[in-house]
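What the coordinates show
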Amino acid sequence: MTPRQKLISQTAIAFIGWMVVHFYMPESQQFTVYLPLIDVHLNLWYAYIPFALFVIVGASNAVNLTDGLDGLVTVPVVITLSFFLLLILWIQPSFMVKLPADQMSNLANLIVLIIGSCFGFLYFNLFPAKIFMA
């Protein structure tokens, strides 16, 4: 694929993903971005669509450019997920999403599993690199 074709296809897939999420959200939250540090719900109206597409495609390409056969993206993923695990298990600040305790422990278990899989990927991908994380 050419870079243009890839960007167009990523944008189309991101739009489809946004549409699926959009139709399952309550109407009051459909175009809203929550800014937790200042406790504000910002209604972006229809500017939310290009904003959401930019975030989804940008995050996809950021990981794609960081990762390669050597697994450079695994260390930032482990560091980021460790921070979120710390938030869930010990800090639980007031700006986090309010989830029941059993769902918080499920989320913590999922994060631990992803961190473990990243370490497993690094272990089995020692020199010469053979595995590509997609």
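This structure is a prediction, so every number in the text was calculated from the model and none was measured.

Across the protein chain, pLDDT averages 79, with 80% of residues at or above 70. Averaged pLDDT values over the elements of the protein chain bottom out at 81 in strand E1 (residues 32–35) and peak at 87 in helix H1 (residues 3–24).

Moving on, we get to the packing of aromatic side chains. Taken as a whole, this structure holds three aromatic pairs when the rule is applied. Here the aromatic rings of Tyr48 and Phe51 are separated by 6.3 Å at their centres, their planes lie at 50°, and the arrangement is tilted. Of this pair, Tyr48 and Phe51 are both found in helix H2 (residues 48–66), three residues apart, which corresponds to roughly one turn of the helix. Assessed through its relative accessible area of 15%, Tyr48 is described here as buried. Judged by relative accessible area, which is 40%, Phe51 ranks as partly exposed.

This paragraph deals with H1. Helix length check: H1, at 22 residues, gives a terminal C-alpha distance of 32 Å against a target of 32 Å (1.5 Å per residue), a fit within 8%. The set of residues buried in H1 consists of Gln10, Ala14, Trp18 and His22. Looking straight down H1, one finds its buried side chains confined to an arc of 105°; they lie on one side. In H1, the exposed positions that point more than 90 degrees away from the buried face belong to Ile8, Ile13, Ile16, Phe23 and Tyr24.

Take the environment of Val40 next. Mapped onto the fold, Val40 is located in strand E2 (residues 40–43). For Val40, a relative accessible area of 31% puts it in the partly exposed group. Excluding residues that lie within four positions of it along the chain, Val40 makes contacts with Val33, Tyr34 and Leu35.

Criteria and cut-off values
- Residues numbered from 1 in each chain as written.
- Predicted model: local features only at pLDDT ≥ 70, side-chain atom pairs only at ≥ 80, totals over all residues.
- Heavy atoms only, no water.
- pLDDT = per-residue confidence, 0-100.
- Helix = DSSP H or I, 4+ residues; strand = E, 2+ residues; numbered from the N terminus.
- Phe/Tyr/Trp six-rings, centres within 6.5 Å; stacked < 30°, edge-to-face > 60°.
- Buried < 20%, exposed > 50% of the residue type's maximum accessible area, 1.4 Å probe, protein only.
- Expected span 1.5 Å × (residues − 1).
- Arc of directions from axis to C-beta.
- Contact = heavy atoms within 4.5 Å.

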